[in-house]
Amino acid sequence: QVQLVESGGGLAQTGGSLRVSCAASVSIGSTATVGWYRQAPGKQREFVAQITGAGSTNYADSVKGRFTISRDNAKNTVSLEMNSLKPEDTAVYYCNVRYSLIGNYWGQGTQVTVSS
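Residues numbered from 1 in each chain as written. Predicted model: local features only at pLDDT ≥ 70, side-chain atom pairs only at ≥ 80, totals over all residues. Heavy atoms only, no water.

A. Seen up close, the packing of aromatic side chains. Scanning all chains against the criterion turns up three aromatic pairs. Ring geometry for Tyr-37 against Phe-47: centres 5.6 Å apart, planes inclined by 75°, an arrangement best described as edge-to-face. Taken together, the residues Tyr-37 in strand β4 (residues 33-39) and Phe-47 in strand β5 (residues 46-51) connect sequence positions 10 residues apart. Look at Phe-47 and you get partly exposed, because its relative accessible area is 25%. Taking 5.0 Å as the distance between ring centres and 70° as the angle between the ring planes, the aromatic pair formed by Tyr-37 and Trp-106 counts as edge-to-face. (Phe/Tyr/Trp six-rings, centres within 6.5 Å; stacked < 30°, edge-to-face > 60°. Helix = DSSP H or I, 4+ residues; strand = E, 2+ residues; numbered from the N terminus. Buried < 20%, exposed > 50% of the residue type's maximum accessible area, 1.4 Å probe, protein only.)

Quick look at the structure:
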């Protein structure tokens, strides 16, 4: 069973920065695609960012230029650096790992709150 443990997040002011990280219990190696999604109250979960095993990144338009996703294959971690935060970034952030052989897994979520 794959476990994803998220950390970081918390409270920031508008324009501030936060970092969320996710540690996987099973190696992400150089093939798993890892990413972050978020869900605000009353809204559907939405894509934020992802990074492939080859290091290719993709971002939602709403966070492009402000958020940076990274991975450490040796430590089986993925992080999301969030800068220039806006109140609309407030949400529960979920880590996602998509393994080529054993499927798709989600973390439990970590709260990010941006005050205006």
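The discussion continues.
B. Here's a closer look at the state of the cysteines. According to the stated counting rule, one finds one disulfide in the structure shown. A disulfide bridge connects Cys-22 with Cys-95, and the sulfur atoms are separated by 2.2 Å. Across the S-S bond linking Cys-22 and Cys-95, the dihedral sits near -80°, which makes this disulfide left-handed. Placement of Cys-22 in strand β3 (residues 18-24) and of Cys-95 in strand β9 (residues 91-99) is noted, with a sequence separation of 73 residues between them. Judged on exposure class, the residue Cys-22 and its partner Cys-95 are both buried. (Disulfide = S-S within 2.5 Å.)

In short, the description is geometric, and any link to function would need to be established separately.
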